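Tertiary structure, described
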Amino acid sequence: MRDRGIRKFLAALAGLAVIYFGTAGRSAEEGRGLSGGLVVLALLAALLVWHLTRPGGDAAK
């Protein structure tokens, strides 16, 4: 059960990091809002982290 909490935390952190760094690089003329592509990219990053941190794989062998 503890692994699931860590996985959720890391996945959320990855998604928030993508959103933060995606909006931090914009100029004032472009606006500060989120684009649809950035939200999709953040979701994909979170899913990738969720997939890569699953327990019980053959990676330890």
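Since we're looking at a predicted model, the values are computed, not measured.

Rules and cut-offs
- Residues numbered from 1 in each chain as written.
- Predicted model: local features only at pLDDT ≥ 70, side-chain atom pairs only at ≥ 80, totals over all residues.
- Heavy atoms only, no water.
- Helix = DSSP H or I, 4+ residues; strand = E, 2+ residues; numbered from the N terminus.
- Buried < 20%, exposed > 50% of the residue type's maximum accessible area, 1.4 Å probe, protein only.
- Areas by Shrake-Rupley, 256 points an atom, 1.4 Å probe, with all protein chains shown as cover.
- Expected span 1.5 Å × (residues − 1).
- Arc of directions from axis to C-beta.
- Contact = heavy atoms within 4.5 Å.
- UniProt positions renumbered as here; feature names shortened; annotations may be inferred.

What follows deals with the overall build of the protein. Of the regular secondary structure elements, the protein holds two helices and zero strands. Looking at the 61 residues of the protein, the share that counts as buried comes to 15%. Carbon and sulfur atoms form 66% of the exposed surface of the protein, whose accessible area is close to 4900 Å².

Moving on, we come to helix α2 (residues 36–52). The end-to-end C-alpha distance of α2, which contains 17 residues, comes to 24 Å, matching closely the 24 Å that a straight helix rising 1.5 Å per residue would cover. Among all positions in α2, only Leu38, Ala42, Ala45 and Ala46 are buried. Each buried residue of α2 sits inside an arc of 95° when the element is viewed along its axis, so together they form one side. Exposed residues pointing more than 90 degrees away from the buried face of α2 are listed as Gly36, Gly37, Leu43 and Leu44.

Attention shifts here to the environment of Ala42. Mapped onto the elements, Ala42 comes out in helix α2. For Ala42 and Ala14, which are 28 residues apart along the polypeptide, the C-alpha to C-alpha distance reads 7.3 Å. For Ala42, the residues in contact, after removing those within four places along its chain, are Gly15, Val18 and Ile19.

The residues that UniProt annotates with the feature "transmembrane region" (unreviewed entry) are residues 34–53. Helix makes up 85% of residues 34–53 and strand 0%, with an end-to-end C-alpha separation of 27 Å.

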